[in-house]
Amino acid sequence: MDLESLKRSYIEKEQTPTQMLDGIYKKIEDDELNDFILLSKNYAYEQAYLSEKRYEKKDGILKLDGIPFSIKDNFAVKGLRMTCGSKMLSDFVSPYDSTVYKRLKEAGAVLIGKNNMDEFAMGSSNETSFFGIVKNPFDKSYVPGGSSGGSAAAVGADHSLFSIGSDTGGSIRQPASFCGVVGFKPTYGKISRYGLVAFSSSLDTVGIITKSVKDCKEVFDVLRGDDGHDSTIEDLKPQRRELKNIGFVEKLEHVDKNVFKIYIDYCSKLEKLGFKLKPIVLDFIEISMAAYKIQTMCEASSNLARFDGIKYGLQHFSGDDLEGMYARVRGEGFGKEVKRRIISGTYFLMHNDGEYYNLSFKLRDYIANRIDILFKDIDLLILPTSLSLPFKMGEKIEDPLMMHLSDSLTAFANLANVPAISINADYFNSLPVGIQFVGKRNDDDNLLDSLSTIQMELKKDE
Ligand code: GLN
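Please read all numbers here as calculations on a predicted model, not as lab measurements. (Residues numbered from 1 in each chain as written. Predicted model: local features only at pLDDT ≥ 70, side-chain atom pairs only at ≥ 80, totals over all residues. Heavy atoms only, no water.)

Undergrad: Quick question: what am I supposed to make of helix 2 (residues 17-31) here?
TA: The α-helix advances 3.6 residues per turn, and as a result positions three or four apart in sequence lie on the same side. With 15 residues, helix 2 extends 21 Å from end C-alpha to end C-alpha; this agrees with the ideal 21 Å at 1.5 Å per step. Three or more residues of helix 2 are buried, namely P17, M20, L21, I24, Y25 and I28. Down the axis of helix 2, the buried side of the element spans an arc of 130°, and every buried residue falls inside it. The exposed residues of helix 2 that point more than 90 degrees off its buried face are K26 and E29. The elements touched by buried residues of helix 2 are helix 1 (3-11), strand 1 (36-39), helix 3 (41-57), strand 2 (68-72) and strand 3 (110-115). Looking at the residues trailing helix 2, positive phi occurs at E32, about 50°. (Helix = DSSP H or I, 4+ residues; strand = E, 2+ residues; numbered from the N terminus. Expected span 1.5 Å × (residues − 1). Buried < 20%, exposed > 50% of the residue type's maximum accessible area, 1.4 Å probe, protein only. Arc of directions from axis to C-beta. Contact = heavy atoms within 4.5 Å.)

Undergrad: It is not clear to me how the sheet that holds strand 3 should be interpreted in this structure. Could you clarify?
TA: Backbone-to-backbone hydrogen bonds join strands into a sheet, with any given pair of strands oriented parallel or antiparallel. Pairing in this open sheet of eleven strands is mixed, and the strands run 1-3-2-4-6-5-10-11-9-7-8 from one edge to the other. The sheet is open, and its two borders are formed by strand 1 and strand 8 (276-279), each paired with just one other strand. Strand-to-strand twist of the sheet, defined as the mean angle between neighbouring strand axes without regard to direction, takes the value 30°. In the sheet, strand 5 (residues 182-185) pairs with strand 6 (residues 205-210) via three bridges, with the strands oriented antiparallel. In the sheet register, V182 faces strand 6, and the bridge partner there is T210. Together, strand 2, strand 3, strand 4 (162-167) and strand 6 form the strand contacts of helix 4 (residues 99-106), whose direction differs from that of strand 2 by roughly 175°. (Pairing = 2+ DSSP bridges. Axes fitted to C-alpha atoms, helices over the stretch in contact; angles between N-to-C directions.)

Undergrad: Where do I start with the site of the ligand in this structure?
TA: What surrounds the ligand is a group of 14 residues, the closest being T168, G169, S171, Y292 and D407. In this structure, A121 approaches the ligand through a main-chain N or O atom, which is 2.9 Å from a nitrogen atom. Note that a nitrogen atom of the ligand is positioned 2.8 Å from one of the side-chain N or O atoms of S124. Here the ligand occupies the largest cavity. Taken together, the residues of the shell around the ligand break down into four nonpolar, seven polar and three charged. (Near = heavy atom within 4 Å. Polar contact = N/O pair within 3.5 Å; in protein donor to acceptor, adjacent residues only side chain to side chain. 1 Å grid on protein atoms, 1.4 Å probe; cavity = no way out; pocket = protein on both sides within 12 Å on 5 of 7 lines; lining within 4 Å. Sits in = over half its atoms within 2 Å of the grid points. Nonpolar A, V, L, I, M, F, W, Y, C, P; charged D, E, K, R; others polar.)

Undergrad: What is the right way to read the packing of helix 4 against helix 7 (residues 213-223) from this model?
TA: Helix packing for two helices is described by the angle between their axes and how far apart those axes are. Here helix 4 crosses helix 7 at 110°, and the two axes come no closer than 9 Å. Between helix 4 and helix 7, the angle is such that the two are roughly perpendicular. Between helix 4 and helix 7, the contacting residues are V100, R103 and L104 on the first element and V219, V222 and L223 on the second. Residues that form the contact of helix 4 with helix 7 fall into these classes: five nonpolar, no polar and one charged. (Parallel < 35°, antiparallel > 145°, perpendicular 65-115°, else oblique.)

Undergrad: Whenever I open this one, unusual backbone geometry confuses me. Can you help?
TA: A negative phi angle is the norm for most residues apart from glycine, just as the trans form is the norm for most peptide bonds. Here the bond from G146 into S147 is cis, since omega is 10°, no more than 30 degrees from zero. With respect to the helices, strands and loops of the structure, S147 is situated in the loop between strand 3 and helix 5 (149-156). Non-glycine residue N352 carries a positive phi angle of around 45°. Looking at the secondary structure, you find N352 in the loop between helix 11 (336-350) and helix 12 (355-374). For N352, a relative accessible area of 53% puts it in the exposed group.

Undergrad: For this particular structure, what's the right way to read the pairing of strand 4?
TA: Along any regular strand the residues' side chains alternate between the sheet's two faces. Counting buried positions along strand 4 yields six of six residues, so the element is predominantly enclosed. Where burial is concerned, the two faces of strand 4 agree: the one with F162, I164 and S166 and the one with S163, G165 and D167 are both buried. Summarising the sheet, strand 2 and strand 4 pair through three bridges and their orientation is parallel. From the neighbouring strand, I71 faces strand 4, where its bridge partner is I164. Direction of pairing for strand 4 relative to strand 6: antiparallel, over a ladder of five bridges. Within the sheet, the bridge partner assigned to D167 lies in strand 6 and is T205.

Set out below in structure tokens:
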């Protein structure tokens, strides 16, 4: 169900927001996907009750009134636990609201709960969460992708109408692709990060997971813009224009052949809709992976230094000296993947006065430049979202290099600060395959409008 039809069903009294919640909570329990770390039933029923009153009075109905949504567990909601999928924060209760939550609440949306995620948003399969693996709603033996895997699974399984996630190198788009839903990462600086736990601050982007692009645009308009708490916000509005020229790649290394076939078929559909497809070469993927790894590891090692057993989360006061206490808390509180990144990041930062980190910014400029040049000839870029189909649980978790390859086609959009969105293109062996559209910097509105039209046109042909 989409936002508009759900609101209509409330207005026409086919159901109430409270009945909707009853159905959703039952489904979450029955499906057993482990897509939630916490269910906020008290909050939800309180909000739904207020919504119900507004619908009854037919007065003061808000933009997202009574719409159930969920949020990744690295966003702050006052009075609720915020774990980031980590043992380190397993008992931490947030003392304030993130801007995204505050805006959604003010728009009347109803919080179902906090979604499971890879620990501190590091991962591509949701297998690194301290709270257990999330299951793919299409087949429970497969992963939902990561790190916003709980969010994508929740929307895919109709446990919420939309979910808020974070995307640093693909964490919204790749799970959206694996769960057959829409995942949007806006241009950096559109949505405030206030109340989002930082992983890699210069790349972290707040984004949205929905069933349709139209819904995504509606939620985006509620969330965007300055809040006085994030100095990187700059919500420039593009000139409205039609996007016609699409760049596509004729060849791609390491991609699963079934994924690539779906991609090429999708490109032909776009041609039939009247878009002009132009072949382009993407030869900076490998460089982008190096830059992405160095930047995120350096920034993570610095951002996660605050988890020292004193201010937040896990504590151990058992007679150790200060260093001993840090070691014990951090040794116990963080999982393997988080430790791997902190150690690598610390090494990169210490080596030759931060030489690697500085170099990664040069690579980033180079990639952004290359993208800008590409966008002189095209309006949109289309790519598969992921090199592979959803994979089985356990298949890649012991092989970090293979797992890291999962970000190859998504990380460059974060490095270049451009908007990107994954939408479902088709299915192979009943598993969903997503296609990614990348837009020009700040062209988010045109990207969403064109995609919304494309999605509706292609639906008509089905
Ligand atoms: N899979 C990527 C990683 O593990 C992406 C993470 C993200 O976007 N938060 O780094």
